[in-house]
Amino acid sequence: MKIVTWNVNSLKVRLPHLLDWLAATQVDVVCLQEIKCEEKSFPFAELEAAGYQAVASGQKTYNGVAILARSETCGEIREVQRNIPGFEDEQRRVIVATVGGVRVVCGYFPNGQAVGSEKFEYKLRWLTALTDWLREELALHPQLVLGGDYNIAPEDRDVTTEWHDEIHVSVPEREAFRALIALGMTDAFRLFEQPEKLYSWWDYRMMAFRRNVGLRIDHLLVSTALRDAVRSCVIDKAPRKLERPSDHAPVIVELETVL
DNA sequence: ATGTCGATCGCTGATCGA
C-alpha cells in the first residue's frame, strides 16, 4: 500500500499533472493540500475516471485538503471527518478518513508567515490542537498515518542553508514537530538511508529548484503500530521538473499491509 | 531578502498569501 502527500498548489491548475502521475505510479492513497477550490468545483468525475474515489474539504482561493483512494485496492472511504474537533477554524486544513484499514490524516499546516507574527501564534495554537486531538485519535485508531505539508523543517539537514529562528525552522515549530513524534509517530523518511540535500519544496523564485535551495517540509508520520510495516519512503522530484509545476514534490511511503 | 506563482476582484493590472 502506497500513501502519498502532495501539496498541489491549486488542484485546478495541477489536475493534468496529478492524473498523469497517478496513472504512472498507481499509488493507493493520496493526501492533497492547497487544492484551493470548494467541494462543488472539485474534479470528482475526472478522478473517478482515473480510478480514484475522493473526499475533500475546500474553500475558495486558499487552503483546502482532500484524500484520494484507489477504488480497485482500497474499497470505500469511511469515517470521514473535517477539521480538528473542538478547534474553531474557518480555514480548511484537515480531512481524516479510514482507507484500507488505515486512519489517514491529511493536514495543511499553517505557514506562519514570520516568527512572532499573529499568523505564527495561530500556527502554534493549531499545532497544539492537532497534537491533543491526535493523541485521542491514536487510541481509537492505532494504525494511523499523518501526511501533509507541515511547513516545518524538523532538522538542520532538512534545510539547504543553516537558518535559525526563521519561519519553518524556529525552536517552537521544531518542538511542536517533536511533540507529534512523542505521541509515538515516526518520520517514515528517516527510517531509511536517504540522499543528502533532498527536499520536498523549493521556492518558485531565485531559481531555487535549479540550485536545489529547498526545505523538507512535507512529511508522512506513521504510528507505532505501522512502523515495522514501512518498506520505503521517497520524494519524487519528477513532477517539479514539468512545465507549470507545484512548488512541492510528492512524498511516497510504502506500507506492507493487507488491503 | 525575494527575481514566482496562483487566485480574486473586476479590469486588462493591483493585491494578497505562500
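Residues numbered from 1 in each chain as written. Chains lettered and ligands numbered in written order. Predicted model: local features only at pLDDT ≥ 70, side-chain atom pairs only at ≥ 80, totals over all residues. Heavy atoms only, no water.

Draft legend 1. Spatial organisation of the packing of helix α4 (residues 118-140) against helix α5 (residues 171-181). Remark: α4 packs on α5, axes separated minimally by 10 Å, with the N-to-C direction vectors making an angle of 10 degrees. Relative to α5, α4 is oriented roughly parallel. Across the interface between the two elements, Phe 120, Lys 123, Leu 124, Leu 127, Leu 130, Thr 131 and Leu 134 of α4 pack against Pro 172, Glu 173, Ala 176, Ala 179 and Leu 180 of α5. The residue inventory of the contact of α4 with α5, partitioned by class, reads 9 nonpolar, 1 polar and 2 charged. (Axes fitted to C-alpha atoms, helices over the stretch in contact; angles between N-to-C directions. Helix = DSSP H or I, 4+ residues; strand = E, 2+ residues; numbered from the N terminus. Parallel < 35°, antiparallel > 145°, perpendicular 65-115°, else oblique. Contact = heavy atoms within 4.5 Å. Nonpolar A, V, L, I, M, F, W, Y, C, P; charged D, E, K, R; others polar.)

Draft legend 2. Local environment of the protein's contact with DNA strand B. Of all residues adjacent to DNA strand B, which total 15 residues, the nearest are Ser 10, Arg 14, Thr 61, Arg 205 and Met 206. For DNA strand B, the fraction of atoms within 4 Å of the protein that belong to sugar or phosphate moieties is 61%. In this structure, a phosphate oxygen belonging to DNA strand B sits 2.2 Å away from a side-chain N or O atom of Ser 10. Contact between DNA strand B and Arg 244: a phosphate oxygen at 3.0 Å from a side-chain N or O atom of the residue. A breakdown of the residues in the surface near DNA strand B according to their chemical character gives 5 nonpolar, 4 polar and 6 charged. (Near = heavy atom within 4 Å. Polar contact = N/O pair within 3.5 Å; in protein donor to acceptor, adjacent residues only side chain to side chain.)

Draft legend 3. Examining the layout of surface pockets more closely. Looking at the largest pocket, its volume works out to about 830 Å³. Every residue lining the largest pocket is counted, 34 residues in all, and those nearest its centre are Asn 111, Gly 112, Gln 113, Asn 151 and His 168. The greatest single-element share of the lining of the largest pocket, amounting to 4 residues, is contributed by α4. Grouping the constituent residues of the lining of the largest pocket by class yields 12 nonpolar, 10 polar and 12 charged. Computed from the structure, the second largest pocket encloses a volume of approximately 180 Å³. Contributing to the lining of the second largest pocket are Arg 157, Val 159, Arg 190, Phe 192, Gln 194, Pro 195, Glu 196, Lys 197, Leu 198 and Tyr 199. The class makeup of the residues in the lining of the second largest pocket is 5 nonpolar, 1 polar and 4 charged. (1 Å grid on protein atoms, 1.4 Å probe; cavity = no way out; pocket = protein on both sides within 12 Å on 5 of 7 lines; lining within 4 Å. Points joined across faces, edges and corners; volume = space filled by probe spheres on them.)

Draft legend 4. Spotlight on the sheet that holds strand β12 (residues 218-222). Overall, mixed pairing links the 6 strands, which are arranged β5-β6-β7-β8-β12-β9 in an open sheet. Since the sheet does not close on itself, it has two edges, and those belong to β5 (78-82) and β9 (186-187), each with one partner. Relative to strand β6 (residues 94-99), β5 runs antiparallel, the two being bridged by 3 bridges. When the bridges of β6 are listed, Gln 81 appears paired with Val 96. Across the face of the sheet, α4 comes into contact with β5, β6, β7 (102-108) and β8 (144-149) while running at roughly 160 degrees to β8. (Pairing = 2+ DSSP bridges.)

Draft legend 5. Spotlight on the side chain of Asp 149. Assignment of secondary structure puts Asp 149 in strand β8. Buried charge Asp 149 goes without a salt bridge, the closest partner of opposite sign being Arg 93 at 7.6 Å. Ignoring sequence-local partners within four residues, the contact set of Asp 149 consists of Thr 5, Asn 7, Gln 33, Gly 107, Tyr 108, Phe 109, Ile 217, Asp 218 and His 248. (Buried < 20%, exposed > 50% of the residue type's maximum accessible area, 1.4 Å probe, protein only. Lys, Arg positive; Asp, Glu negative; His and termini not counted. Salt bridge = Lys/Arg side-chain N within 4 Å of Asp/Glu carboxyl O.)

Draft legend 6. Focus on the pattern of salt bridges. Within the structure shown, the criterion is met by 15 salt bridges. Where Arg 78 meets Glu 79, a salt bridge forms, and the shortest distance between an N and an O atom there is 4.0 Å. According to the relative accessible area criterion, Glu 79 is partly exposed, its value standing at 43%. Salt-bridge contacts for Glu 173 lead to Lys 123; the nearest nitrogen and oxygen are separated by 2.6 Å. Pair noted here: Glu 173 is in helix α5 and Lys 123 is in helix α4, with a separation of 50 residues, a long-range link. The class for Glu 173 is buried, based on a relative accessible area of 0%. Three or more residues are tied together by salt bridges with common partners; here these are Asp 158, Asp 187, Arg 190 and Arg 216.

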